[in-house]
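Structure assessment
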Amino acid sequence: TRSLTITSVDQSMFEKAQGEKVTLPCTFELSEEDEGPLDIEWVLIPADNQKRELIIIMYSVDRVYDQYYAATTRRMHFSNLDPKSGDGSLDILNLKAADTGTYQCKVKKAPGVQSKKIQLTVLVKPARTKCSIEGSQEIGKDVTLKCVSQEGSPLLSYDWRRVSGTQHLPATSVLNKNTGELLLKNASREYSGTYSCVASNRVGTDECSVELNVTPPVNTAAIIVGAIIGTLLGISVLCSIIFCFCKKHRDKKYEKEVHHDIREDVPPPKSRSSTARSYIGSNRSSLGSMSPSNMEAYTKTPYSQVPSEDFERAPAQNPAFAPPKVAAPNLSRMGAVPVMIPAQSKDGSIV
């Protein structure tokens, strides 16, 4: 008894670049004995056998179901709008690296069942390739030119060529195509120029360039002498700053000590009682030296105006200061002898 068969058996492996389109073939022929409903399924078989298969798209009872796998929505659809005509091929648009895997086409029409597996590999073109120089660009030194692609599926291959002047690499150069390193031994002025690196894999290429400038060696002795002189100058400036700071600090300390000595030499102020006694003593001297001619003026000064040892001050809130009230001195306590005050009669004679 003849059953349905899958006729597309010519190609089972595909390699495509990221962003491209691929068509996975799945054509079939039905048999008269197959009378059941037609079902066509495309599933993605994970690399880990422990995981279950993922249904990508399905055709059943004259209807297409493509909402099973969100990552492929609107990017995967049947090539033929009417798959029951015998063509259940699958189109995948805008390929991504995550689309890499094993795809299986299953065709069912009871009692016949057939399937086919196809391996798809999505390769990423080299991109964001960068060139750099490692080592001293001096005559007689070894210089290494490096080339690395930030993106790209393995296996990547690197190739260097010289752009300026002759395109041949120097005779002493050593190229590693796997790592992208170009070693230039014992560099000379003739090695100067522009170098270009091309990174490639099975689906594309990318390129970068770098400028090499080989110069005479630097006079290291002059650099060392200059560094030593600069260091000494820096130390001298630092010492000058420290000396000025210390001198200023000593001057301030000396001024404080001198000021303190002057304050200690100042005599203490006289007390109020001493002031009162001095005032009374001065009045005694005045009384002793009085003559009849100036006695009259002295009699006009009452004893009540002589200051006492205790002063009475006016309240702080009174702006007008009244003269202090002075008590008459106790002459006996002071050890003074009473003095007779002469008086003047009506006719002018002294009594």
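Now for a quick tour of the structure. (Residues numbered from 1 in each chain as written. Predicted model: local features only at pLDDT ≥ 70, side-chain atom pairs only at ≥ 80, totals over all residues. Heavy atoms only, no water.)

A few words on unusual backbone geometry. In the segment running from Ala110 into Pro111, the intervening peptide bond is cis, with an omega of 5°. Note the cis peptide between Pro154 and Leu155, where omega equals 5°. Tracing the backbone through its elements, the reader meets Leu155 in the loop between strand 13 (143-151) and strand 14 (157-162). Within the chain, Asn94 stands out as a residue other than glycine whose phi angle is a positive 45°. Residue Arg128 is not a glycine yet carries a positive backbone phi of 50°. With respect to the helices and strands, the residue Arg128 is situated in strand 12 (residues 127-134). (Helix = DSSP H or I, 4+ residues; strand = E, 2+ residues; numbered from the N terminus.)

To continue, consider the nonpolar core. Membership of the largest hydrophobic core comes to 25 residues, with the highest contact counts inside it found for Leu24, Trp42, Ile92, Tyr103, Val107 and Leu120. Looking at this core, the elements with two or more residues in it are strand 3 (22-24), strand 5 (38-45), strand 6 (54-60), strand 8 (76-78), strand 9 (90-92), strand 10 (101-109) and strand 11 (112-123). At four residues, the largest contribution of residues to this core is made by strand 5. Counting residues in each nonpolar core, the second largest holds 18 residues, with Val143, Leu145, Cys147 and Val210 among its members. (Core = buried A, V, L, I, M, F, W, Y, C linked by side-chain atoms within 4.5 Å. Buried < 20%, exposed > 50% of the residue type's maximum accessible area, 1.4 Å probe, protein only.)

In this section: the sheet that holds strand 3. Taking strand neighbours across the sheet as the criterion, the three strands line up as 3-9-8 in an open arrangement whose pairing is antiparallel. Looking at strand neighbours, the two that pair on one side only are strand 3 and strand 8, the edges of this open sheet. Mean inter-strand twist for the sheet, computed between neighbouring axes without regard to direction, equals 25°. In this sheet, strand 9 lies alongside strand 3 in antiparallel orientation, the contact comprising three bridges. Its bridge partner being in strand 9, Leu24 is matched across the sheet by Leu90. (Pairing = 2+ DSSP bridges. Axes fitted to C-alpha atoms, helices over the stretch in contact; angles between N-to-C directions.)

Taken as a whole and judged by the stated rule, the model has three disulfides. Note on cysteine connectivity: Cys26 is disulfide-linked to Cys105, with sulfurs 1.9 Å apart. On the S-S bond that ties Cys26 to Cys105, the torsion sits near -70°, and the link is left-handed. Highlighted residues: Cys26 in the loop between strand 3 and strand 4 (28-29) and Cys105 in strand 10, separated in sequence by 79 residues. With a relative accessible area of 0%, Cys26 lands in the buried category. (Disulfide = S-S within 2.5 Å.)

Applying the stated criterion to the full structure yields nine salt bridges. Across the salt bridge formed by Arg202 and Glu15, the nearest N and O atoms sit 2.9 Å from each other. Of this pair, Arg202 sits in the loop between strand 17 (193-201) and strand 18 (204-212) while Glu15 sits in strand 2 (residues 13-17), and the two are 187 residues apart along the sequence. What makes Arg202 exposed here is its relative accessible area of 58%. Residue classification places Glu15 among the partly exposed positions, given a relative accessible area of 44%. In this structure, the salt-bridge partner of Asp62 is Lys84, at a minimum N-O distance of 3.8 Å. Of the two residues, Asp62 sits in the loop between strand 6 and strand 7 (63-65) while Lys84 sits in the loop between strand 8 and strand 9, which places them 22 residues apart along the sequence. (Salt bridge = Lys/Arg side-chain N within 4 Å of Asp/Glu carboxyl O.)

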